[in-house]
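Residue-level structural notes
Here is what each chain is made of, one letter per residue.
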Amino acid sequence: MNNLQRLQLETKGINLDQSELTIYLQENDLNPFEEYNPQSATSKRNIYRSALSILESVANNPTLMKSIKMDDTTISDFAESIQSRIDQLERKIRTLKTDDQIANESNFFMLFGD
């Protein structure tokens, strides 16, 4: 699975052109056709950042929100749902560490210095 496919998996139900998805990935330091590495914390974080950018773009485009409207869901319900998902992704991104942060972690700390 490449980064583009992983982003599509994260943003199911939102249909954007492949060129648009590529831009979102490139803005978040990912090559769209590079193999997705699920063990990389940085890759995971950048996928979530790309998904967040897409959701924010959808939330800022009322005409796009109308075209995504489901059977029994009103536009206001959709707006509340997308804002809730944006908030969830923002919290998740803040808590995720990058590969560098994980590599520099230590199981102990110095309470007193020399």
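Above this text you will find the structure in question.
Residues numbered from 1 in each chain as written. Predicted model: local features only at pLDDT ≥ 70, side-chain atom pairs only at ≥ 80, totals over all residues. Heavy atoms only, no water.

Here we come to helix α3 (residues 41-59). Spanning 19 residues, α3 covers 27 Å between terminal C-alpha atoms, matching the ideal 27 Å at 1.5 Å per step. Residues of α3 that are buried: Ala-41, Ser-43, Asn-46, Ile-47, Tyr-48, Ser-50, Ala-51, Leu-52, Ser-53, Ile-54, Leu-55 and Val-58. (Helix = DSSP H or I, 4+ residues; strand = E, 2+ residues; numbered from the N terminus. Expected span 1.5 Å × (residues − 1). Buried < 20%, exposed > 50% of the residue type's maximum accessible area, 1.4 Å probe, protein only.)

Now for the side chain of Arg-6. Within the secondary structure, Arg-6 is located in helix α1 (residues 3-10). When its relative accessible area of 11% is taken as the criterion, Arg-6 is described as buried. A distance of 3.0 Å separates the side chain of Arg-6 from the side chain of Glu-10, its partner in a polar contact. In this view, Arg-6 contacts Met-1, Tyr-36, Ile-47 and Tyr-48; residues no more than four positions away in its chain are not counted. (Polar contact = N/O pair within 3.5 Å; in protein donor to acceptor, adjacent residues only side chain to side chain. Contact = heavy atoms within 4.5 Å.)

Before going further, it helps to examine the packing of α1 against α3. Two elements in contact, α1 and α3, have axes separated by 10 Å at closest approach and are oriented at 55 degrees. The orientation of α1 relative to α3 falls into the category oblique. Helix-helix and strand crossings are classified by hand; for α1 and α3 the assignment is right-handed. From α1, Asn-3, Arg-6, Leu-7 and Glu-10 reach across to α3, where they touch Ile-47, Tyr-48, Ser-50, Ala-51 and Ile-54. (Axes fitted to C-alpha atoms, helices over the stretch in contact; angles between N-to-C directions. Parallel < 35°, antiparallel > 145°, perpendicular 65-115°, else oblique. Left-handed = near helix turned anticlockwise from the far one by under 90°.)

Once that is clear, we can look at the pattern of salt bridges. Scanning all chains against the criterion turns up two salt bridges. As a salt-bridge pair, Glu-10 and Arg-6 come within 3.0 Å of each other at their nearest N and O atoms. With Glu-10 and Arg-6 both in helix α1 and four residues apart, this pair spans about one turn of that helix. Here Glu-10 ties to Arg-85 by a salt bridge, and the two come within 2.7 Å at their closest N and O atoms. Of this pair, Glu-10 sits in helix α1 while Arg-85 sits in helix α5 (residues 75-95), and the two are 75 residues apart along the sequence. Classification of Arg-85 by relative accessible area gives partly exposed; the value is 26%. (Salt bridge = Lys/Arg side-chain N within 4 Å of Asp/Glu carboxyl O.)

C-alpha separation for the pair Glu-10 and Ser-50, spaced 40 residues apart in sequence, amounts to 9.5 Å. When sequence neighbours within four positions are dropped, the list of residues in contact with Glu-10 reads Ile-47, Tyr-48, Ala-51 and Arg-85. Side chain to side chain, Glu-10 and Arg-85 meet in a polar contact 2.7 Å long.

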